[in-house]
Amino acid sequence: MAKFKYVYGTVKAGKSTALLQVVHNYEQNWMKALLIKPKRDTKGNDSVVSRLGVSRKVDYLADTGEGLHAFLHSQSCVACVVCDEVQFLEQDCIDVLWAYCKKANVPVLAYGLRTDYTGKAFPASIRCFELADEVEELAALCNCGRKGRFNYKLNQENTNSAGIEDEGVDKYRPMCGQCYYESAVKGE
Ligand SMILES: [Zn+2]
């Protein structure tokens, strides 16, 4: 049976690059891969762009669970569904992706951040952990060389905006727990 896989990591962990490679692998074998991202993720407009310069137009910009359900069930011969930035989706969209995986027997790969810069999990990320058959962590390195687990926000003056609005080029930095504690928690 097809699996719902959740691949999470910090900013700069190479999620988009890994995801575009998966899509490419399917398409190279003439198999149909659907690429989805949340409508509210405006970075790259209607494309997924990796830091290495590769990009691909998305097949669907997801907004509501109902809309996503209708889109998925209007498609035929789907070999795989890949979704980027899943943390920005509504929780019911994760349920729709999971149900589609199980009903249509199509593998679904969901890529996204685990937590925002305050160290709290996104609601959609929690739903992914709850439903996933398989979970994988993609790690970026902290400046100290340890594995990055947190997203540290540089220039903390805009602290009233909750969560991560945009992975944006240099607004966030991956940090290990030790450095995150020293930089973001201890001083407050
Ligand atoms: Zn560190």
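Provided above is the structure to which this section pertains.
As a starting point, this report considers the structure included with it. (Residues numbered from 1 in each chain as written. Predicted model: local features only at pLDDT ≥ 70, side-chain atom pairs only at ≥ 80, totals over all residues. Heavy atoms only, no water.)

### A closer look at the pattern of salt bridges
In plain terms, the rule: Throughout this description, the term salt bridge denotes a Lys or Arg side-chain nitrogen within 4 Å of a carboxyl oxygen of Asp or Glu. Helix numbering and strand numbering both begin at the N terminus, where a helix is a DSSP run of H or I of at least 4 residues and a strand a DSSP run of E of at least 2. Relative accessibility under 20% of the residue-type maximum defines a buried residue, over 50% an exposed one, and the middle range a partly exposed one, all with a 1.4 Å probe and only protein chains included.
Scanning all chains against the criterion turns up 14 salt bridges. When the shortest N-O distance is used, the salt bridge between Lys 5 and Glu 136 registers 2.7 Å. Note that Lys 5 is positioned in strand E1 (residues 4-9) and Glu 136 in strand E8 (residues 134-138), a separation of 131 residues in sequence. Among the ionic pairs, Asp 41 bridges to Lys 37, the shortest N-O distance being 3.5 Å. On the basis of relative accessibility, which here comes to 1%, the residue Lys 37 falls in the buried class. In the salt-bridge network here, residues are joined through shared partners; they are Lys 3, Lys 5, Glu 134 and Glu 136.

### A closer look at helix H1 (residues 15-28)
Helical periodicity: at 3.6 residues per turn, an α-helix aligns residues three or four positions apart in one direction. Threshold: Multiplying 1.5 Å by the helix residue count minus one yields the expected span of that helix. Starting at the helix axis, one direction is taken to each C-beta atom, and the arc is that of these directions.
Taking 1.5 Å of rise per residue, 14 residues should cover 20 Å, and H1 covers 20 Å from first to last C-alpha, within 8% of that figure. Taken as a whole, H1 has its buried residues at Lys 15, Ser 16, Leu 19, Leu 20, Val 22 and Val 23. In an axial view of H1, the angular spread of the buried residues amounts to 150°, which keeps them on one side of the axis. Just beyond H1, the residue with positive phi is Trp 30, at close to 60°.

### Quick word on the pairing of strand E2 (residues 32-38)
Strand residues, when the strand is regular, have side chains that alternate between the two faces of the sheet. Keep this limit in mind: A pair of strands is labelled paired if DSSP reports no fewer than 2 bridges between them.
Judged by how many residues are buried, E2 sits mostly within the fold: six of seven residues are covered. Two elements, E2 and strand E6 (residues 78-83), share five bridges in a ladder whose sense is parallel. Considered in E6, the bridge of Ile 36 is made with Cys 83. Looking at chain direction, E2 and strand E5 (residues 60-62) are connected through three bridges and run parallel. In the strand pairing of E5, Ile 36 is matched with Tyr 60.

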